[in-house]
Structure formats: C-alpha cells, structure tokens
Amino acid sequence: LKTGVAHRTPSRARTGAATMSGGPNGGGAWRANGNAPGGAPGSNGRGAGGKGYPAHGSAAAAWGAGALPQDGATRAPPITVSSLQAGEEVDIFHRYSQDPNGYFMVQNGTSGLLHPSIGKTDGWTCGRINQDWNVSMYSPADYKTWVEIQWSHPSWYNRRGHKLDVNTPSMITQKVMPEQIRQRHGPTEAQSQPSVSLVHVRWGGEQPVNPVTEGAGGWGQIGATPSDNYINGLEEHIFQTLGPTYEIISCFIQGSDELEKISPPLLRHLLRGQNIAALYFLWPISFQDGHDFPAYVDRHLLFHLMVHMESTGIPTRFPHQSHLYKIFASKEWTAQMCLHPLMKVPLTTQVARQSIARCPAKAAATAMAALQRLSESRASWNAQLGWGQEKAVPVNKGVAKLGWSWEAMDVTGWKNKQELTVALGNLGEQPGSFVDLVFVQEWVDFDVEMRHFLVEPDLNNPESLKPKTIVYTVFKSKEGGSFRNFDRYDRPMCLKNCFQNDNAALANAEKQAQELIVRWLEWLQAQTHELPTFVRFDIMAKRTGAGTANIMTGELTELGGCFLGWPKGPQVVFSAMVRSFFKDPLPPSNGYPGW
C-alpha cells in the first residue's frame, strides 16, 4: 500500500497479539512444557523455528559479514554440539523472536521497569543444560527434541516493565535449538566481537500492533511494518543470514514522549559490533499523541531522535536516513515536481491548513483555480520545449490527500467544489490534527497501476535499475471515499483484464515506466549521495490506442512499504537490508566494551 496517515476513527483502532502481562505467553508455560514457538516466522506472533535448519557438522567459521548472499538466499546456521549433559554450563544465543511476548536481558532493573524499556533482545548469554541431549535425536520440526536449558542471566524484563521471576525454575526453563548453543571447550562466536550491533526502536505499549495480514488492505503474512510479525520475520532472516554473530538492543516505547528519553550516546557505548545500525519500526504522523493507534508517533519527536542517533554515529538502515525519509513520507515532492514534463507527476497544489480552518469552501475554490493555472503552465512549458501544444485541460475533479499518512487511508476523491470542500475539512480538521497542509491533485484516468520494486539500485549498473518484480493493481471500490480496495494481477491477467489483450500497448507502458524510473533515480541522487536500499515506484498506465499508452507517476514508496503479495519480497528486501548493515564498517580497534 502507498504511504499515505489513517483517519483516526474508532474503526481504525489496532488490536491483536497476546497481552504481555504476567509471565511469557500467559505465565511462561511454553518455556517449560507448553506449545512450541514453531511455524513460519511471525505467523503466530512467536517467530522462529520449524524449518530450514542444517544437518550436524556445519562449520561455525563460515559465519560473519563476509560473502553475504546477493540473491536473497539464506544459509542455515551451524550446529556445533553433538551431545550435552545435564548441568553443563554453556553459552546460549537468546532470540526475542522466539518469544516476543516474553523477556529480554537488562543490566539494571530500571532499564526494564521504567519506560522506555531498553535491553538486549538478541545476543549471547550464559545458561545451563537442563536435560541430557544428543544430536541423533534432534528433529528441527519437533520442538520436544530441542535442547532444554535454564537461563543464568539474573535480570529479565518484558516490554511492559514486568520482571521475570528467576527464582522459579519453570520461568527460566526453555527449549532452544542446538544452533543457538556453544560449549565452552574453545573460542566460539560467543566470545567474539559481534559482526553487527543493531538498535531496534519499536512499539511497547499495552495495545500491540495489528499485523493486518488479511483483507483488501492487508499486508500479507509478513504483516505491517511496526508489527511483531514483520520484526520477527526480519530478525529470523538476520539469524538465518548471519548466524549467532550479531546482537540487538531494543528500545520499547509506549508513547511519543518516550522517544525523548532515549540516549543515543549511551546506546552508542552499548553497541559492541564491528558494524552498527538503527532501525525504526514506527509510523511518524502529524497528530497529537495519546491516541489509540499503536506505533503512530509524533513525527517531530521521531526525527529528533533519528538525527541525534545519526549524529552520534549510529546510521539509520530502516527505513532511510532521516532527511531522505522526510522526502518520502511528507509527499511534498508531488507539488515540487508536478510541472517538470519528464517526471509525469499529476498537477498538485498544497492547501494551507489556515485556509481550511477559516473557510474550507474558499480554500476549495482557490485550490481548483490553482490547479487550472498549473494546467495552463504545463501546456505552455511543453510548447516552449517543442513537445507539442495541447490546450490546457480543465481541472474539475481530482483527489485530496495528506502527507505523513499510512495505509492509503487519507486519499479522498472529489468531483466538484462542494466535494472538495468536504474533503479538505475531513482531512485537515481531524481530532488532534497538527496537519499543516492538504495536497489537492488533478484526476488521472488509468487502467492499471504498475508497482515496481527496485532493490539496491546503482546508476552505474543498468541491470540494477530494473525492478525485481512488477505487481499490477486496479482499484475496484472506495471505502468512505478512500482508495483501498483493489485487485492484484500478474502480467497475463493484467493484459487480459486491463489492456484488452494489447500486448504492444502494455509493453509500451512498461518501457515508458522503466525510463521514468531511471529519471526518478537520477533525481533521488540529488536528494541523497547514496541511493536508497529499496524504493517502490507506483506508475499509473492507461491504454490510449492500439499499441500505445500513457503513464503518470503515482507514488514513491519508502523501504517498509507493502509487498502487495510479492511472494519473494520479504526474502529479497530483507537480504538487501542485511547487506546495508555492512556498508560503513567501524575502524578496527584492539578491544571493545563488554556488556
């Protein structure tokens, strides 16, 4: 789905995932003898396990940042233990995605019980074997054959600030995979400097983020970006790619004000890795805080934290460095580029909030007049460039929408001044709104929207400028005036249902779209010295005749945008994200601080 803040009505309240009071998963039963945390990563809020694990004998030395896979493939983490004895002291790699409603390590109790709760969610710690174990009995799909251990770390808290009772054996007993265990016979990853240290800034409020995996506006099995589903899937991919060679420090917030309480210099001191990075799983909005929307936070406070982190030397790897993220999320590029004839942007004007507040009808009238003048300017500019003179078309319908908006909710169609007046009032005067402007655009007729997924584009490498895939979508209805309900097609179905089986016309649209995407990447090079890891370009296309088509730019979508049913999307994009962690390694040192 496009970036785009949802209407803040009761129907938008996000619910889901288990509550996080008491012990992990309702008292900690599975740690000792409850349900397995198996299944696809994030499929039930518990993440890892169940498939993709190696036969005994893989070499632990194969792990690290070197030779990261380029095709989205992952490498099975190695098993280095063949037998374990009850009572044996071992090193254990803790993974929060195996029990996301559970606990993480802290060095001081106040780090967990006071918000924001900050601790190590993934990384090495110590423990002991609870039962004898032999690799010959191990089946990755059967958690009963996993290694039963007891954690030795003395202080654990969950994201709600509840302390784990470490004096109750069942609360510190857990089944883990042997890939996560190292014996103490010699040097292992547990004693080595992590290949990368990550900071995850994520939601920790009482109401979890609904992954919205189903429905017309659904994000698919991977879930919405700030949800446990999405983060679990990414962390599973990191483990499968890097093995137990990394660490994650997570900062759980339950409101925007807690972003100001995170100390980047202190976090920088805690990060021990050869590479460091920060990832922000939150949605910045232009509304007051204190609403009922998990992970929606004040954009000013989030960007203040991001800039502080970046100036401390902790680079942003998700979604984008702060200045580039603003370009994507604000949508202001639409008004800035709409008169550039090569960029194919619908005519756009920005309507000031003050005008909407004083007289929405007058604001609507002046916005429509502004679009008409823009139409005349576009025709004049095209004539001056010798691109042919088409008369300025009348602009009497279009869309109104917001920046700093998510899940395509704040996009409303209008067909006359009266409807635009209502749209401006509804968008600009929502409860708690600090929206400073509303975008008003001309209407664009199109038959299909082609969603192009670009991963690690490089202007010096023409092959990298081609999309990894194209998803073809068509809006089939509107919900409350918003464009959210659509059909998704592959190319053959798009050709049949949208382009009257005119393959030459669709090929013409695709060729124009590819040329337009390259121009946008060249434009992005001016916005940032290093191109983003991922961009989704949404291009609207309309068949205009036999073998011909017109196109227009619909959206530039940031890293974290919906995969729209692309099956390999998470694997391909997560692999590129992992590679981005290693773009700027820290200078070598003789030592590193301990946890």
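What you see is a predicted model; the values in this text were computed from it and never measured.

Colleague: Describe in detail the overall build of the chain, supporting the description with residues and values.
Modeller: When helices and strands are tallied, the chain shows 14 helices and 24 strands. A total of about 23,000 Å² of accessible surface is found on the chain, and carbon and sulfur atoms cover 51% of it.

Colleague: Any chance you could break down the packing of aromatic side chains for me, citing the residues and the numbers?
Modeller: Scanning the model with the defined rule gives 23 aromatic pairs in all. Each ring, one from phenylalanine 104 and one from phenylalanine 252, has its centre 5.3 Å from the other, and the planes form 20°; the classification is stacked. Within this pair, whereas phenylalanine 104 is found in strand β3 (residues 104-105), its partner phenylalanine 252 is found in strand β11 (residues 246-253), the two being separated by 148 residues in sequence. The burial state of phenylalanine 104 is the same as that of phenylalanine 252; both residues are buried. Three or more aromatic residues joined by ring pairs form one cluster here, namely Tyr230, Phe281, Phe318, Phe453, Phe534, Phe563, Trp566 and Phe574. The side chain of arginine 95 reaches across the aromatic face of phenylalanine 239, ending 4.0 Å from its centre.

Colleague: Give a detailed account of the state of the cysteines, specifying residues and quantitative values.
Modeller: Taken as a whole and judged by the stated rule, the model has zero disulfides. Take cysteine 494: it sits in no disulfide, and the sulfur closest to it among the cysteines is that of cysteine 498, at 4.3 Å. Given a relative accessible area of 0%, cysteine 494 falls into the buried group.

Colleague: Residues and numbers for helix α14 (residues 569-580), please.
Modeller: The end-to-end C-alpha distance of α14, which contains 12 residues, comes to 16 Å, matching closely the 16 Å that a straight helix rising 1.5 Å per residue would cover. Buried residues dominate α14, accounting for 11 of its 12 residues. Looking only at α14, the buried set comprises Gly569, Pro570, Val572, Val573, Phe574, Ser575, Ala576, Met577, Val578, Arg579 and Ser580. The inward-facing, buried residues of α14 abut α4 (228-242), β12 (276-280), β15 (316-318), β20 (448-455) and β23 (534-545).

Colleague: Hey, could you go over the pairing of strand β8 (residues 173-176) for me, with residue numbers and the actual values?
Modeller: By the alternation rule, side chains of β8 split into Thr173 and Lys175 and Gln174 and Val176, which are all buried. For strand β6 (residues 147-151) and β8, the ladder comprises four bridges, and the chain directions are antiparallel. Residue pairing for β8: isoleucine 149 is matched across the bridge by glutamine 174.

Colleague: Report on the environment of alanine 549, specifying residues and quantitative values.
Modeller: Along the polypeptide, alanine 549 turns up in strand β24 (residues 548-557). Note on alanine 549: relative accessible area 5%, which makes it buried. Separated by 50 residues in the primary sequence, alanine 549 and phenylalanine 499 place their C-alpha atoms 9.5 Å from one another. If we skip the residues at most four places from it in the chain, alanine 549 touches Phe499, Ala505, Asn508, Ala509, Gln512, Lys542, Arg543 and Thr544.

Cut-offs used in this document
Residues numbered from 1 in each chain as written. Predicted model: local features only at pLDDT ≥ 70, side-chain atom pairs only at ≥ 80, totals over all residues. Heavy atoms only, no water. Helix = DSSP H or I, 4+ residues; strand = E, 2+ residues; numbered from the N terminus. Areas by Shrake-Rupley, 256 points an atom, 1.4 Å probe, with all protein chains shown as cover. Phe/Tyr/Trp six-rings, centres within 6.5 Å; stacked < 30°, edge-to-face > 60°. Buried < 20%, exposed > 50% of the residue type's maximum accessible area, 1.4 Å probe, protein only. Lys NZ or Arg CZ within 6 Å of the ring centre and 35° of its normal. Disulfide = S-S within 2.5 Å. Expected span 1.5 Å × (residues − 1). Contact = heavy atoms within 4.5 Å. Pairing = 2+ DSSP bridges.

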